[in-house]
Amino acid sequence: MDKQEKKAVLEAILFTMGEAVEIERLAEVIEEEKENTKELLLEMQKEYEESKRGMTLMEIEDSFQMCTKANMYEYLVKIAKTPRKYTITDTMLETLSIIAYKQPITRAEIEKVRGVSCDHAINRLLEFGLITELGRKDAPGKPILFGTTEEFLRSFGVKSLEELPELSAVQIEEFREQAEQEAGALEVDV
């Protein structure tokens, strides 16, 4: 491994870790002496400082960490203050509705209502912070129980779950029919 490859490996590790990593651990990974590794890191630090890039390397005791340059702070604040925008598909909305009305509920119970797998929808809803894991059901396999979050309430403009509109028998039947149609479409596609 040449010098540039070693620097690339160090950069990748520090970027991915997002926290300070001991020089000794970095040296082991690139199969280099600790002193030589520190020298490479200091070279990288100098290269970052001299270039017009937003990142730098910070030395902390016997470790290094990849950080944002101080003059980038105002831009980070702008992006952090911007609300996240996400798109909720019909499938996700149906899954979220089932969770909201029947919580706490397991993945299997959601799939029983929908008639199709809901792994992707649940994962995205967790990622968006609209649902959360509430614990485990006291049943074989100890399945995870899901429920809505405060973010869900904020996003849908309700103060509590009691403010959710009542579902009529017709709406429940429509949900079931849509789920059956999706299941039929999945069987045809497979």
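That block above? That's the structure.
Residues numbered from 1 in each chain as written. Predicted model: local features only at pLDDT ≥ 70, side-chain atom pairs only at ≥ 80, totals over all residues. Heavy atoms only, no water.

**Q** How would you summarise the overall build of the chain if you had to cite specific residues and measurements?
**A** Check the secondary structure of the chain and you find nine helices and six strands. Relative to all contacts within the chain whose residues are 6 or more apart in sequence, the contacts with residues 24 or more apart total 47%. A total of about 12900 Å² of accessible surface is found on the chain, and carbon and sulfur atoms cover 52% of it. (Helix = DSSP H or I, 4+ residues; strand = E, 2+ residues; numbered from the N terminus. Contact = heavy atoms within 4.5 Å. Areas by Shrake-Rupley, 256 points an atom, 1.4 Å probe, with all protein chains shown as cover.)

**Q** Any details on the packing of aromatic side chains? Residues and values, ideally.
**A** Under the counting rule described, the total for this entry stands at one aromatic pair. Look at Phe 152 and Phe 156: their rings are 5.0 Å apart centre to centre, the planes differ by 40 degrees, and that puts the pair in the tilted class. (Phe/Tyr/Trp six-rings, centres within 6.5 Å; stacked < 30°, edge-to-face > 60°.)

**Q** Lay out the sheet that holds strand β3 (residues 63-68) in plain terms, naming residues and giving numbers.
**A** Across the sheet, which stays open at both edges, the three strands sit in the order β1-β3-β2 with antiparallel pairing between neighbours. The outermost strands of the open sheet, each flanked by one partner alone, are β1 (21-22) and β2 (55-60). Across the sheet, helix α1 (residues 3-17) is in contact with β1, β2 and β3; its angle to β3 comes to roughly 70 degrees. (Pairing = 2+ DSSP bridges. Axes fitted to C-alpha atoms, helices over the stretch in contact; angles between N-to-C directions.)

**Q** Hey, could you go over unusual backbone geometry for me, with residue numbers and the actual values?
**A** With an omega of -5 degrees, the peptide bond running from Gln 103 to Pro 104 counts as cis. The backbone of Glu 31 shows a phi angle near 50 degrees, a positive value even though the residue is not glycine. Mapping Glu 31 onto the fold places it in the loop between α2 (23-29) and α3 (34-50). Glu 31 gets classed as exposed once you look at its relative accessible area, which sits at 72%. With a phi close to 50 degrees, Glu 61 is a non-glycine residue in the positive phi region. (Buried < 20%, exposed > 50% of the residue type's maximum accessible area, 1.4 Å probe, protein only.)

**Q** So what about the packing of helix α5 (residues 90-102) against helix α7 (residues 119-127)? Which residues, and what values?
**A** In contact at an axis separation of 9 Å, α5 and α7 are set at 80 degrees when each is read in the N-to-C sense. Classified by the interaxial angle, the pair formed by α5 and α7 is roughly perpendicular. Facing α5, whose interface residues are Thr 91, Met 92, Thr 95 and Leu 96, α7 presents Ala 121, Ile 122, Arg 124 and Leu 125. (Parallel < 35°, antiparallel > 145°, perpendicular 65-115°, else oblique.)

**Q** Before we move on, can you summarise the sheet that holds strand β6 (residues 144-148) with the specific residues and values?
**A** Here we have three strands laid out as an open sheet, ordered β4-β6-β5, and antiparallel in their pairing. Two strands close off the open sheet at either side, each with one partner strand: β4 (105-106) and β5 (131-136). Two elements, β5 and β6, share five bridges in a ladder whose sense is antiparallel. From the neighbouring strand, Gly 135 faces β6, where its bridge partner is Leu 145.

**Q** Help me get a handle on the pattern of salt bridges, residues and values and all.
**A** One pass over the full model with this rule turns up 16 salt bridges. Of the charged contacts, one joins Glu 50 and Lys 46 as a salt bridge, the two residues approaching to 4.0 Å between their closest N and O atoms. Of this pair, Glu 50 and Lys 46 both sit in helix α3, four residues apart, which is roughly one turn of the helix. With a closest N to O distance of 2.5 Å, Glu 109 and Lys 137 form a salt bridge. Placement of the pair is Glu 109 in helix α6 (residues 107-114) and Lys 137 in the loop between β5 and β6, with a sequence separation of 28 residues. (Salt bridge = Lys/Arg side-chain N within 4 Å of Asp/Glu carboxyl O.)

**Q** Hey, could you go over the side chain of Gln 65 for me, with residue numbers and the actual values?
**A** Relative to the assigned elements, Gln 65 resides in strand β3. Overall, Gln 65 belongs to the buried group, its relative accessible area being 18%. For Gln 65, the side chain forms a polar contact with the main-chain oxygen of Gly 18, separated by 3.4 Å. Ignoring anything within four residues of it in the chain, the contact list for Gln 65 reads Leu 14, Gly 18, Glu 19, Ala 20, Thr 56, Leu 57, Met 58 and Ile 60. (Polar contact = N/O pair within 3.5 Å; in protein donor to acceptor, adjacent residues only side chain to side chain.)

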